Amino acid sequence: MEIKDEILAALKKLGDPVAVADPGPERWSSWIHEVEAYSRSFLDLTRNGPAWWPPEEGQVGPSFHLEEDPVPLPAILEECRSRIDFRGLNPASGGHLGYIPGGGMPAAALGDMLAAVTNRYAGIHFANPGAVELEHFLVRWVADLFGLPSSAGGTLTSGGSIASLVAITAARDASGELPARWMDMVVYGTAHQHHCLDKALRIAGLGYSIRRDVPMDEGFRMRPDMLDAMIQEDMARGLHPFLLLASAGTTDTGAVDPLDALADIAHANGMWFHVDAAYGGFFRLLPEFAPAFAGLERADSIVADPHKGLFLPYGTGAVVVREIKHLLDSHAYEAAYMQDAYRDQETLSPADLSPELTRHFRGLRMYFSMKMNGLSVIRHLLKQKILLARWFYHTIREAGFETLMEPALSVVVFRWPARDEEVDQWNARLVDMIREDGRVFLSSTRIGGRVWIRLAVLSFRTTLEHLETTVEVLIRQRDHALSTHGFAI
Ligand SMILES: *Cc1c(COP(=O)(O)O)cnc(C)c1O
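A few points on the structure. (Residues numbered from 1 in each chain as written. Predicted model: local features only at pLDDT ≥ 70, side-chain atom pairs only at ≥ 80, totals over all residues. Heavy atoms only, no water.)

A few points about the nonpolar core
(1) Moving on: Counting residues in each nonpolar core, the largest one holds 74 residues, and the members touching the most others are Phe273 and Phe283.
(2) Moving on: With eight residues, the top contributor of residues to this core is helix α6 (residues 129–145).
(3) Moving on: Contact partners of Phe283, with chain neighbours within four places excluded, come to Phe289, Phe293, Leu382, Ile386, Leu409, Ser410 and Leu458. (Core = buried A, V, L, I, M, F, W, Y, C linked by side-chain atoms within 4.5 Å. Buried < 20%, exposed > 50% of the residue type's maximum accessible area, 1.4 Å probe, protein only. Helix = DSSP H or I, 4+ residues; strand = E, 2+ residues; numbered from the N terminus. Contact = heavy atoms within 4.5 Å.)

Thoughts on the sheet that holds strand β7 (residues 272–277)
One key point about sheets: their strands pair by backbone hydrogen bonds, in either a parallel or an antiparallel sense.
(1) Moving on: Reading across the sheet, the seven strands line up as β3-β9-β8-β7-β6-β4-β5 and stay open at both edges, with mixed pairing between neighbours. At either margin of the open sheet sits one strand with a lone partner, and together these are β3 (153–157) and β5 (210–213). Averaged over all neighbouring strand pairs, the angle between strand axes comes to 15°, with direction disregarded.
(2) Moving on: Note: β7 against strand β8 (residues 301–304), four bridges, orientation parallel. For Asp276, the partnering residue across the bridge sits in β8 and is Val303.
(3) Moving on: In the packing of helix α12 (residues 324–331) onto the sheet, contacts are made with β3, β7 and β9 (317–321), and the angle to β3 comes to roughly 55°. (Pairing = 2+ DSSP bridges. Axes fitted to C-alpha atoms, helices over the stretch in contact; angles between N-to-C directions.)

Describing the side chain of Asp424
(1) Moving on: Here Asp424 lies in helix α15 (residues 423–437).
(2) Moving on: The residues contacting Asp424, other than those within four sequence positions of it, are Arg446, Gly449, Arg450 and Val451.

A few points about the packing of helix α14 (residues 375–398) against helix α16 (residues 464–484)
(1) Moving on: The interhelical angle for the contact between α14 and α16, taken along N-to-C directions, is 25°, at an axis separation of 10 Å. Compared by their axis directions, α14 and α16 come out roughly parallel. Crossing handedness for the pair α14 and α16: right-handed. Facing Leu388, Ala389, Trp391, Phe392, Thr395 and Ile396 of α14, the residues of α16 in contact are Leu464, Leu467, Glu468, Thr470, Val471 and Leu474.
(2) Moving on: A per-class count over the contact of α14 with α16 returns nine nonpolar, two polar and one charged. (Parallel < 35°, antiparallel > 145°, perpendicular 65-115°, else oblique. Left-handed = near helix turned anticlockwise from the far one by under 90°. Nonpolar A, V, L, I, M, F, W, Y, C, P; charged D, E, K, R; others polar.)

Some thoughts on the pairing of strand β4 (residues 185–189)
(1) Moving on: Counting buried positions along β4 gives five out of five residues, so the element sits mostly inside the fold.
(2) Moving on: The alternating pattern of β4 places Met185, Val187 and Gly189 and Val186 and Tyr188 on opposite faces, both of which are buried.
(3) Moving on: As paired elements, β4 and strand β6 (residues 240–247) share four bridges and run parallel to each other. Bridging across to β6, Met185 finds its partner in His240.
(4) Moving on: Sheet analysis places β4 next to β5, joined by four bridges and oriented parallel. By the bridge assignment, Val187 is partnered in β5 with Arg211.

With respect to a nonpolar patch on the surface
(1) Moving on: Together, Ile3, Ile7, Leu8, Leu11 and Leu14 make up a nonpolar patch on the protein surface, roughly 530 Å² of accessible area in all.
(2) Moving on: Among the structural elements, Ile3 can be located in helix α1 (residues 2–13). (Patch = residues over 30% accessible without salt bridge, like charges linked within 9 Å, V, L, I, M, F, W, Y side chains within 5 Å. Areas by Shrake-Rupley, 256 points an atom, 1.4 Å probe, with all protein chains shown as cover. Salt bridge = Lys/Arg side-chain N within 4 Å of Asp/Glu carboxyl O.)

Section: helix α13 (residues 362–373)
(1) Moving on: Here α13 contains twelve residues, and its C-alpha end-to-end distance of 17 Å stays within 8% of the 16 Å for a straight helix at 1.5 Å per residue.
(2) Moving on: Among the residues of α13, those classed as buried are Arg362, Gly363, Leu364, Arg365, Met366, Ser369 and Met370.
(3) Moving on: Among the structural elements, α5 (106–118), α6, β3, α11 (306–309) and α14 are those in contact with the buried residues of α13.
(4) Moving on: One or two steps after α13, the chain reaches Gly374, where phi turns positive at roughly 85°. (Expected span 1.5 Å × (residues − 1).)

Focus on the site of the ligand
(1) Moving on: For the ligand, the set of nearby residues contains 14 residues, the closest of which are Gly160, Ser161, Asp276, Asp305 and Lys308.
(2) Moving on: Between an oxygen atom of the ligand and a side-chain N or O atom of Ser161, the distance comes to 2.6 Å.
(3) Moving on: Take His307: an N or O atom from its side chain is 2.8 Å from an oxygen atom of the ligand.
(4) Moving on: Burial of the ligand by the protein amounts to 85% of the accessible area it has alone, namely 380 Å².
(5) Moving on: Going through the elements one at a time, α7 (160–174) and α11 are the ones with two or more residues in the shell around the ligand. (Near = heavy atom within 4 Å. Polar contact = N/O pair within 3.5 Å; in protein donor to acceptor, adjacent residues only side chain to side chain.)

Quick word on the pattern of salt bridges
(1) Moving on: Tallying each qualifying case throughout the model produces 36 salt bridges.
(2) Moving on: Across the pair Arg362 and Glu356 runs a salt bridge whose closest N-O atoms are separated by 2.9 Å.
(3) Moving on: For Arg362, a relative accessible area of 4% puts it in the buried group.
(4) Moving on: Here the salt bridges share partners, and the residues they tie into one network are Arg212, Glu233, Asp234 and Arg237.

Brief notes about the packing of aromatic side chains
Pairs of aromatic rings are described using the distance from one ring centre to the other and the angle between the two planes.
(1) Moving on: All chains considered together, the criterion is met by 15 aromatic pairs.
(2) Moving on: Note on Tyr99 and Phe441: the rings are 5.6 Å apart at their centroids and 40° apart in plane angle, and the pair reads as tilted. Highlighted residues: Tyr99 in the loop between β2 (88–89) and α5 and Phe441 in the loop between α15 and β12 (443–447), separated in sequence by 342 residues.
(3) Moving on: When its relative accessible area of 44% is taken as the criterion, Tyr99 is described as partly exposed.
(4) Moving on: Ring centres of Phe146 and Phe282 lie 6.2 Å apart, and the angle between their planes is 35°; this geometry places the pair in the tilted category. (Phe/Tyr/Trp six-rings, centres within 6.5 Å; stacked < 30°, edge-to-face > 60°.)

Structural data, given as structure tokens:
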């Protein structure tokens, strides 16, 4: 008994840490109240404040540290204010027009908070059937949107990169090739395909496989005739063309590849047809894009990013595969300590469809956001982004800027047509000047080795006002540069 008394005495010495960690109704209410007030003031500043805070000259304050004793919530919120939320880019701002903007719909934050409070286990059906069924429902909705058959399935991931890794791994295993042959396997994409696909290939062990960049047409779409010729040549050399990576909306220009023609070629040659729709996929919610996306329904795998086109907060990607069997072949495992969980095999478990076992219950934020907004609002937001990009395209051309192509989706690529030897420097400087103003944020890229400015409309908060501000800033900075010769023209 002595040993048990010692244990009990030691337990007593610990006090009641549970009562601190589990706040009880009053403390919980006051926590929520404080976080609510903080988030409200953040949103006020986001609606009316800059999209970019330039790097501070001086010190921001003491660096992060941890203490033995509890720190009151207001002090932690003050750290968020001074050290985190008002520095660098504000991705929640409608003035965020760089890269591919994400979302951050507040309705989704409610789902996230509840997912954290209830701590539903969304990895295994047996544990939390409702959570898993909701995620399957949402994935099925995505598969239906893209026109995939009933054999399709998939999973919600942290983003497009992990979703791509899941798809590439499934494609690799479906090829049936053993590692000894991987160096003879050929992957076809374009120079504008997202770098996460090359990263996924490398992680999946296909870094030494052969990667071919298929030439693009004047709209930066993959050329099917060139693809076909390259495949025939590779086959004649005894290589194994196995994977075609197409884009439904590239990051650089928003171009959508001719998916139907590419599907013909991929399937005629026994290849896996993957479509990266991380940026563009949810524009399929607009009927007018059905023709541009024709052939998407023939894909073997598709990646889409709800944290882009469905305006969710960062941390939600999706992968759907034409035959769910391929995801299971690559990702399903069993372990002795999981045996209870596998008695119920009626419904698939997300843990068998991706590298993750324990994972965030992402479905709840997606469901809250889609339910609380309604699909029609999401469609109207998407349509608004398309119209805003077109408005900007015409306005900027009227102002004498040069554009690369008509926007295929909501990305506009443009530059000031300075003299050839100075055009790169001119436009890079223009992007810097826009950042110095801070009200809107744009990014640049290199196309054909030259600097181009990109404007990508996908933040749900972006309105005509943000684009009017952008035009005003661009023209003012251009005129300033022209008149002062602050930089070469
Ligand atoms: C954003 C993006 C990705 C990568 O997705 P993450 O969610 O950032 O990991 C892949 N492809 C395209 C076209 C993208 O726009």
